[in-house]
Amino acid sequence: MGGARALLRRAAWKLNQRRDISSWLARWFPRTPAKSVVALKTPIKVELVAGKTYRWCVCGRSKKQPFCDGSHFFQRTGLSPLKFKAQETRTVMLCTCKATQKPPYCDGTHRSERVQKAEVGAPL
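Residues numbered from 1 in each chain as written. Predicted model: local features only at pLDDT ≥ 70, side-chain atom pairs only at ≥ 80, totals over all residues. Heavy atoms only, no water.

As annotated in an unreviewed UniProt entry, the protein carries the name CDGSH iron sulfur domain 3 and is attributed to Catagonus wagneri. UniProt lists a comment for the protein under the heading Cofactor (unreviewed entry), and it reads "[2Fe-2S] cluster". (UniProt positions renumbered as here; feature names shortened; annotations may be inferred.)

Right under this line is the structure:
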């Protein structure tokens, strides 16, 4: 009888441990990602260097716009930056409204009424 109880206790402990891990994971990595927020309502002109890899902020919460500073992780957004490599050295306009259809590049969406009416720091 004592062996069965020990086995049950061990099984209950393992189940509890799994719950603790899954609740921790859910807190840091939500299943439903947060929406991106409008960082700015105008694009930022940037000189990209050929061969260099960049991480464009997708969440809109970075203090180093248009690039990622890790805010998405610490604010538990469930979002990740867009990693891209510059094919050539050139000056480009990178999106900061986070509504572009051609990320990370600006496509003029920031001029739309929807973006212009939105508050900076608020989701669209």
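K.L.:
What should I look at first to understand the overall build of the protein in this one?
P.N.:
Looking only at helices and strands, one finds three helices and four strands in the protein. Starting at the N terminus and ending at the C terminus, the protein contains elements arranged as α-β-β-α-β-β-α. In the protein, buried positions account for 31% of the 124 residues. When the accessible surface of the protein is summed, it comes to about 8,600 Å², and 55% of that surface belongs to carbon and sulfur atoms. (Helix = DSSP H or I, 4+ residues; strand = E, 2+ residues; numbered from the N terminus. Buried < 20%, exposed > 50% of the residue type's maximum accessible area, 1.4 Å probe, protein only. Areas by Shrake-Rupley, 256 points an atom, 1.4 Å probe, with all protein chains shown as cover.)

K.L.:
I keep staring at the UniProt feature "domain: Iron-binding zinc finger CDGSH type" (unreviewed entry) in the protein and nothing clicks. Help me out?
P.N.:
When the UniProt feature table is mapped onto this chain, "domain: Iron-binding zinc finger CDGSH type" (unreviewed entry) is found at residues 41-75 and 79-116. Helix and strand shares over residues 79-116 are 11% and 24% respectively, and the end C-alpha atoms of the span are 23 Å apart.

K.L.:
Looking at this model, I keep getting lost on the packing of aromatic side chains. Mind explaining?
P.N.:
Two measures describe an aromatic ring pair: the distance that separates the ring centres and the angle between the ring planes. Throughout the structure, instances matching the rule amount to three aromatic pairs. Look at Tyr54 and Phe67: their rings are 5.5 Å apart centre to centre, the planes differ by 25°, and that puts the pair in the stacked class. One end of the pair, Tyr54, is in strand β2 (residues 53-56); the other, Phe67, is in the loop between β2 and α2 (71-74), with 13 residues separating them in the sequence. For Tyr54, a relative accessible area of 8% puts it in the buried group. Among the aromatic side chains, those forming a connected cluster through ring pairs are Tyr54, Phe67, Phe84 and Tyr105. (Phe/Tyr/Trp six-rings, centres within 6.5 Å; stacked < 30°, edge-to-face > 60°.)

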